[in-house]
Amino acid sequence: MKREKKIRRELLDELLEGYSKPEDLTGPEGLLKQLTGALVERALGAELTEHLGYDEHAAEGRGSGNSRNGNSKKTLQTEQGEIPIEVPRDRNGTFEPQLVKKHQRRFDGFDEKILAMYARGMSVRDIQAQLAELYGTEVSPDLISTVTEAIWGEVQAWQARPLEAVWPIVYLDALVIKVRDQGVVQNKSAYLALGVNPDGQKQVLGLWLEANEGAKFWLKVISELKNRGVEDIFIACCDGLKGFPEAIEAVFPHAVVQTCIVHMIRNSMRFVSWTQRRPLVASLRKIYQAPTEEVALASLDEAEALWKKTHPMALASWRLNWERVRPFFAFPSEVRRILYTTNAIESLNYQLRKVIKSKGHFPTDDAATKLLYLALRNAEKNWKMPPKTWKTTLNQFAIHFEGRLPA
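Cut-offs applied
Residues numbered from 1 in each chain as written. Predicted model: local features only at pLDDT ≥ 70, side-chain atom pairs only at ≥ 80, totals over all residues. Heavy atoms only, no water. Buried < 20%, exposed > 50% of the residue type's maximum accessible area, 1.4 Å probe, protein only. Helix = DSSP H or I, 4+ residues; strand = E, 2+ residues; numbered from the N terminus. Pairing = 2+ DSSP bridges. Axes fitted to C-alpha atoms, helices over the stretch in contact; angles between N-to-C directions. Contact = heavy atoms within 4.5 Å. Core = buried A, V, L, I, M, F, W, Y, C linked by side-chain atoms within 4.5 Å. Polar contact = N/O pair within 3.5 Å; in protein donor to acceptor, adjacent residues only side chain to side chain. Disulfide = S-S within 2.5 Å. Parallel < 35°, antiparallel > 145°, perpendicular 65-115°, else oblique. pLDDT = per-residue confidence, 0-100. Phe/Tyr/Trp six-rings, centres within 6.5 Å; stacked < 30°, edge-to-face > 60°.

1. As for helix 10 (residues 261-269)
Within helix 10, 7 of the 9 residues are buried, which leaves it mostly tucked inside the rest of the structure. Among all positions of helix 10, only Ile261, Val262, His263, Met264, Ile265, Ser268 and Met269 are buried.

2. Focus: the sheet that holds strand 4 (residues 184-196)
Think of a sheet as strands paired side by side through backbone hydrogen bonds, with each pair either parallel or antiparallel. Here 5 strands make up an open sheet; going across it, the order is 5-4-3-6-7 and the pairing mixed. The open sheet has two edge strands, strand 5 (202-210) and strand 7 (256-259), and neither has a second partner. Put simply, the sheet's adjacent strands are angled 25 degrees from each other on average, direction ignored. Across the sheet, helix 18 (residues 390-400) is in contact with strand 3 (166-181), strand 4 and strand 6 (232-238); its angle to strand 3 comes to roughly 105 degrees.

3. Looking at the pairing of strand 4
Pairing geometry for strand 3 and strand 4, over 13 bridges, is antiparallel. Paired with isoleucine 177 across the strands is lysine 188, a residue of strand 4. What sits between strand 3 and strand 4 in their antiparallel hairpin is a turn of 2 residues, with glutamine 182 showing a positive phi close to 55 degrees. The pairing of strand 4 with strand 5 spans 8 bridges and is antiparallel. Bridged to valine 196 within strand 5 is lysine 202. Between strand 4 and strand 5, which follow one another and run antiparallel, lie 5 residues, and glycine 200 among them has a positive phi close to 85 degrees.

4. Let's talk about the nonpolar core
Counting 64 residues, the largest nonpolar core has Ile177, Ile235, Leu284, Ile287 and Trp318 as the members making the most contacts within it. When residues of this core are assigned to their parent elements, the largest contribution, 9 residues, is made by helix 17 (residues 365-380). With 25 residues, the next largest nonpolar core counts Leu163, Ala193, Leu241 and Ile248 among its residues.

5. Some remarks on the environment of isoleucine 287
Along the polypeptide, isoleucine 287 turns up in helix 11 (residues 277-288). Since its relative accessible area comes to 0%, isoleucine 287 is described here as buried. The spacing of isoleucine 287 and aspartate 301 is 14 residues in sequence and 9.5 Å in space, taken between C-alpha atoms. Isoleucine 287 has contacts with Ala296, Ser299, Leu300, Ala303, Leu315, Trp318, Trp322 and Phe329, leaving out every residue within four places of it along the chain.

6. Details of the side chain of histidine 311
Within the secondary structure, histidine 311 is located in the loop between helix 12 (293-307) and helix 13 (316-320). At 3.1 Å, the side chain of histidine 311 forms a polar contact with the side chain of glutamine 276. Within the local environment of histidine 311, its side chain forms a polar contact with the side chain of threonine 310, the two groups lying 2.9 Å apart. Every residue in contact with histidine 311, bar those within four places of it in the chain, is listed here: Phe271, Val272 and Gln276.

7. Describing the state of the cysteines
Scanning all chains against the criterion turns up 0 disulfides. Considering cysteine sulfurs only, cysteine 237 is the nearest to cysteine 238, which forms no disulfide, with 6.9 Å between them. For cysteine 238, a relative accessible area of 3% puts it in the buried group. A disulfide-free cysteine, cysteine 260 has its sulfur positioned 5.7 Å from the sulfur of cysteine 237, the nearest such atom.

8. A word on unusual backbone geometry
Look at histidine 57: it is not a glycine, yet its phi comes out positive at around 70 degrees. Inspection of the secondary structure assignment puts histidine 57 in the loop between helix 3 (31-52) and strand 1 (68-78). Phi at glutamine 182 takes a positive value of approximately 55 degrees, unusual for a residue other than glycine. By secondary structure assignment, the location of glutamine 182 is in the loop between strand 3 and strand 4.

9. Section: the packing of helix 11 against helix 12
Look at helix 11 against helix 12: their axes get within 7 Å of each other, and the N-to-C directions meet at 160 degrees. When the axis of helix 11 is compared with that of helix 12, the two are roughly antiparallel. From helix 11, Pro279, Leu280, Ser283, Lys286 and Ile287 reach across to helix 12, where they touch Ala296, Ser299, Leu300, Glu302, Ala303, Leu306 and Trp307.

10. Some remarks on the environment of alanine 43
On the secondary structure map, alanine 43 appears in helix 3. Expressed as a C-alpha distance, the spacing of alanine 43 and valine 100, which sit 57 residues apart in the sequence, is 9.6 Å.

11. Details of the side chain of asparagine 349
With respect to the helices, strands and loops of the structure, asparagine 349 is situated in helix 16 (residues 343-356). Among the residues examined, asparagine 349 registers a relative accessible area of 0% and is labelled buried. Discounting residues that sit within four places of it in the chain, asparagine 349 has contacts with Asp173, Ala174, Leu175 and Leu192.

12. Side note on the confidence of the model for the protein
The pLDDT averaged across the protein works out to 83; a share of 85% of its residues lies at or above 70. Mean pLDDT across the elements of the protein ranges from a minimum in helix 4 (residues 110-119), with 66, to a maximum in helix 12, with 95.

13. Description of the packing of aromatic side chains
This structure, assessed with the given rule, holds 13 aromatic pairs. One aromatic cluster is present, built from ring pairs that chain together Phe234, Phe331, Trp390, Phe397 and Phe401.

Here it is in structure tokens:
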């Protein structure tokens, strides 16, 4: 194993000679800034030596056809603030520095700081103020815009990346955002597809913005997933997405479309007073906790008889959407727990709403997509490993969807 190199204690003592307060180390003219600049210049000098093939002032350089040609001044934006450096040049102009490339003005990590702030919903003005406060550096709005614009290529690559062939569960949901379109601010829906792969790992499969959903839109989305490598979806869990069941069944005819049970319960709660919620929940629980579909239908008949006269709308959606509720009863309890709610994607949407709430509206669809992508990227960093019960759930999937799980 390679031994880690350590800076000699004597060198550290020499560097810290005269140190008396934190500003001497981290202040605007502190040691960290000076040391960063000196190290960058020394490294660039070493790169030029490698390029030329001889050390500075060495005899081998005479008549070599290329030589050192002074320095050019540059100011780097870094986490320590602005650092002036001198970049060495060669006479033939063939030297391409790697540590600080030609035309580069921001040191590695600085762009990431800007993107991290942008991903948390901060405006350009807020980012400017934060950078000035933290690093004592003035950054123009154009520079911030350039950094955030540069992420668009990454967004497009992410949206077109190849996907795994089999997804046991795909959750779909939407959140409403305001976007300026043709001079008018209008509501658009940002649709998310969150997949769970055979290893139990979550992954956002894609993000789509649309003013109006329907079978045509969903057919485009599902076809896109198929073109990116998806061959099979076991269960698509969603809540009343118009035209979605027809679209997914056209592309993946063996997929099961399951309505979110929690959304069904919430919808029923809208039609009763606060004092009547507990008895209504008790009636609904007999339906969705029934061991079989036959028992569930009998419990629905019983609940309708109890509530129909006083609150006819409380159970209307259950009867109307029964075809999308009934798949739930074919599964064992391990699978039912996963299908009971779309909390996995709702919690993700909650994080996205926190990011966009400070935005009155987005100037374009692309601006909205960039921010949502960066927020998704941040959220994925905090996702935990699959639950301990996933292996049991996977075995149930193997039984129920026989021959469809990859070996």
